[in-house]
Amino acid sequence: MVRLRLHDPSQTSELISFLRRCQCDVRDLGPATVGVGLGHPVDPDAAVQRLQSGLCCRCGDLIADSLFRLGSSRCHDCRESPRSDTRPDIEALRDDWTRMEVESYLRVWRSLHPGAEVDLLVA
C-alpha cells in the first residue's frame, strides 16, 4: 500500500472516488492523506511485457543491458537504493508494481485536475 497526501484537502473525496473507479482499495487516513492498494492482482502478462521491454519494475526506467541480460527486474539505481529491502521477492515485486500503477493513475488524475498537487509518500 502506498500513501498519498494532497495539498488541498477539499480534493480528497474526489481522488478517492477516482482511485476506486480504477479498481484500487483506498483508505482515508486523514483530511488530506489516503492509503492506496490494488484491488486486483498484479497482471503477470503486463509485468512480463514491461520486463521484456527492458523497463524497471520499480521506477519504469530502462534497465542497463548488462543487468537485463542477467535477468534483473530492476535498474541499477533501484538495485543500489540506500534503503535495505528485506522483503521476499514476490512481496517486493507486488509493492513495486502497486507504486508504479498508482503513480500512473495519479498522472491521469493530475491531467484531469490541473494545478492539483498530490505527493506520494515514501514509507
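Residues numbered from 1 in each chain as written. Predicted model: local features only at pLDDT ≥ 70, side-chain atom pairs only at ≥ 80, totals over all residues. Heavy atoms only, no water.

**Student:** Lay out the overall build of the protein in plain terms, naming residues and giving numbers.
**Tutor:** Each helix and strand counted, the protein has five helices and four strands in total. For the protein, the α and β elements follow one another from N to C terminus as β-α-β-β-α-α-α-α-β. Here the C-alpha coordinates of the protein stretch approximately 45 × 30 × 25 Å along the principal axes. Partitioning the intrachain contacts of the protein with sequence separation of at least 6 by distance along the chain shows that 46% fall at a separation of at least 24. Accessible surface for the protein amounts to roughly 7,600 Å². Of this, 51% is attributable to carbon and sulfur atoms. Averaging the locations of the 16 positively and 19 negatively charged side chains of the protein gives two centres separated by 2 Å. (Helix = DSSP H or I, 4+ residues; strand = E, 2+ residues; numbered from the N terminus. Contact = heavy atoms within 4.5 Å. Areas by Shrake-Rupley, 256 points an atom, 1.4 Å probe, with all protein chains shown as cover. Lys, Arg positive; Asp, Glu negative; His and termini not counted. Charge placed at Lys NZ, Arg CZ, Asp CG, Glu CD.)

**Student:** Which residues make up the environment of Gly37, and what values go with them?
**Tutor:** In this fold, Gly37 is placed in strand E3 (residues 33-38). By relative accessible area, Gly37 is classed as buried at 9%. Taking the C-alpha atoms as reference points, Gly37 and Ile63, 26 residues apart in sequence, are found 25 Å from one another. Once residues within four sequence positions are removed from consideration, Gly37 is found in contact with Met1, Cys24, Asp25 and Thr98. (Buried < 20%, exposed > 50% of the residue type's maximum accessible area, 1.4 Å probe, protein only.)

**Student:** Any chance you could break down the sheet that holds strand E4 (residues 118-121) for me, citing the residues and the numbers?
**Tutor:** Strands sit in the order E2-E3-E1-E4 across an open sheet of four strands; the sheet is antiparallel. Each of the sheet's edge strands pairs with one partner strand only, and the pair in question is strand E2 (24-28) and E4. Averaged over all pairs of adjacent strands, the angle between strand axes in this sheet comes to 30°, irrespective of strand direction. Pairing analysis gives four bridges linking strand E1 (residues 2-6) to E3, with the strands arranged antiparallel. The residue of E3 that forms the bridge with Val2 is Val36. Against the sheet, helix H1 (residues 12-21) makes contact with E1, E2, E3 and E4, and its axis sits at roughly 160° relative to E2, the strand it touches most. (Pairing = 2+ DSSP bridges. Axes fitted to C-alpha atoms, helices over the stretch in contact; angles between N-to-C directions.)

**Student:** Run through the side chain of Thr98, naming residues and quoting values.
**Tutor:** Tracing the sequence through the fold places Thr98 in helix H5 (residues 89-112). Among the residues examined, Thr98 registers a relative accessible area of 4% and is labelled buried. In this view, Thr98 contacts Val36, Gly37 and Leu38; residues no more than four positions away in its chain are not counted.

**Student:** If you had to explain the pattern of salt bridges to someone new, which residues and values would you point to?
**Tutor:** Throughout the structure, instances matching the rule amount to one salt bridge. Close ionic contact of Arg99 with Glu103 constitutes a salt bridge, the shortest N to O distance being 3.6 Å. With Arg99 and Glu103 both in helix H5 and four residues apart, this pair spans about one turn of that helix. Residue classification places Arg99 among the partly exposed positions, given a relative accessible area of 25%. Assessed through its relative accessible area of 24%, Glu103 is described here as partly exposed. (Salt bridge = Lys/Arg side-chain N within 4 Å of Asp/Glu carboxyl O.)

**Student:** So what's going on with unusual backbone geometry? Which residues, and what values?
**Tutor:** A positive phi is found at Gln23, a non-glycine position, where the angle reads about 65°. Looking at where Gln23 falls in the secondary structure, it is placed in the loop between H1 and E2.

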